[in-house]
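# Structural overview
Listed below are the residues making up each chain.
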Number of protein chains: 2
Amino acid sequence: MVLVVAEDLFKALADPTRRRILDELVERDGQTLFEICARLANKHGLGLSRQAISQHLAVLESAGLVVSRRQGRYKFHDLNTEPLELIVTRWLRPDTPESTS
Amino acid sequence: MVLVVAEDLFKALADPTRRRILDELVERDGQTLFEICARLANKHGLGLSRQAISQHLAVLESAGLVVSRRQGRYKFHDLNTEPLELIVTRWLRPDTPESTS
DNA sequence: TTGATAGGCAAGTAGCCACTTGCCTATGGT
DNA sequence: ACCATAGGCAAGTGGCTACTTGCCTATCAA
């Protein structure tokens, strides 16, 4: 658990490219930056620069939706769906438990 | 069910003021524009113009998170948490069911 | 050591979005 | 009829952000 701020979480989810990245990580966990670039380009026709994807990953990571592990010159990215629970518990429940942002 | 587009849904949730509005509607359903304005100002110190809140409500409504009913010169706003299910089912499930945006 | 691969840092730009302001419409009370 | 209340429309503005570009660091293989 990494102390997820609601603001970061929702802003991270606001971008369609970042949601695509999460889709990719659901399908296969532990991908590198270059792998994600390639798959977004091939499967979705997104011709984004490597740097763009890298920045997206940083946003997702600071939102707690992605965790990364370095291994040699590779950096693997894993999905973490835990923060998503916040969304559910915030409005689906009839008793409001004090808002966070 | 109103055909919710993922893009609209996530963009609607991206703004902190809109999330506050949802919080207010959880607490009390069927508020008017002016009521929401007053409560945001009093409880959260948000000094936003009526028009700002009106635009936020429009965004929430086009995202399917709020439904409104006209009654005389009043327009009441109700919360609809149904679209939130989309968020849960998209990434919490290990089997990807074809993405939507 | 050299070169290739994987990734990071920083500045610049263009488009979007939240918010304001001014004016207009509609309903209800007196 | 009048006025106040509840809300809508449209244009303008400032700030944020997604993306690019150029250059730099680090790891591994030959």
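Residues numbered from 1 in each chain as written. Chains lettered and ligands numbered in written order. Predicted model: local features only at pLDDT ≥ 70, side-chain atom pairs only at ≥ 80, totals over all residues. Heavy atoms only, no water.

If you look chain A up in an unreviewed UniProt entry, it shows as DNA-binding transcriptional regulator, ArsR family from Streptomyces radiopugnans.

## Some words on the protein's contact with DNA strand C
Not every one of the 23 residues close to DNA strand C is listed here, only the nearest: Arg-50 and Gln-51 of chain A together with Lys-11, Ser-49 and His-56 of chain B. In DNA strand C, atoms within 4 Å of the protein come 63% from sugar and phosphate. In the environment of DNA strand C, a phosphate oxygen lies 3.4 Å from a nitrogen or oxygen atom belonging to the side chain of Ser-54 of chain A. Sorting the residues of the surface near DNA strand C by element identifies α3 (33–44), α4 (50–62) and β2 (74–79) of chain A together with α2 (16–27) and α4 (50–62) of chain B as the ones contributing at least two each. Taken together, the residues of the surface near DNA strand C sort by class into five nonpolar, 10 polar and eight charged. (Near = heavy atom within 4 Å. Polar contact = N/O pair within 3.5 Å; in protein donor to acceptor, adjacent residues only side chain to side chain. Helix = DSSP H or I, 4+ residues; strand = E, 2+ residues; numbered from the N terminus. Nonpolar A, V, L, I, M, F, W, Y, C, P; charged D, E, K, R; others polar.)

## Remarks on the relation of the copies chain B and chain A
Once chain B is rotated about the relating axis by 180° and shifted along it by 0.0 Å, it coincides with chain A to within an RMSD of 0.0 Å. Overall, the copies show the geometry of a two-fold rotation axis. Closest to the rotation axis within chain B is the C-alpha of Ala-14 of chain B, separated from it by 2.9 Å. A symmetric contact is evident, with 100% of the interface residues of chain B recurring at the interface of chain A. (Least-squares fit on C-alpha atoms with pLDDT ≥ 70 in both. Contact = heavy atoms within 4.5 Å.)

## Some thoughts on the interface of chain B and chain A
If you look at the interface, chain B gives 25 residues, while chain A gives 26 residues. Roughly 2400 Å² of surface becomes buried between chain B and chain A when both sides are summed, with 61% attributable to carbon and sulfur atoms. Seen at the junction of chain B and chain A, the total is four salt bridges. Here Arg-19 of chain A ties to Glu-7 of chain B by a salt bridge, and the two come within 2.7 Å at their closest N and O atoms. At the boundary of chain B with chain A, the tally comes to six residue pairs in polar contact (both at pLDDT 80 or more). When the residues that make up the side of chain B that touches chain A are grouped by side-chain class, the tally is 13 nonpolar, four polar and eight charged. (Buried area = accessible area lost by both parts, 1.4 Å probe. Salt bridge = Lys/Arg side-chain N within 4 Å of Asp/Glu carboxyl O.)

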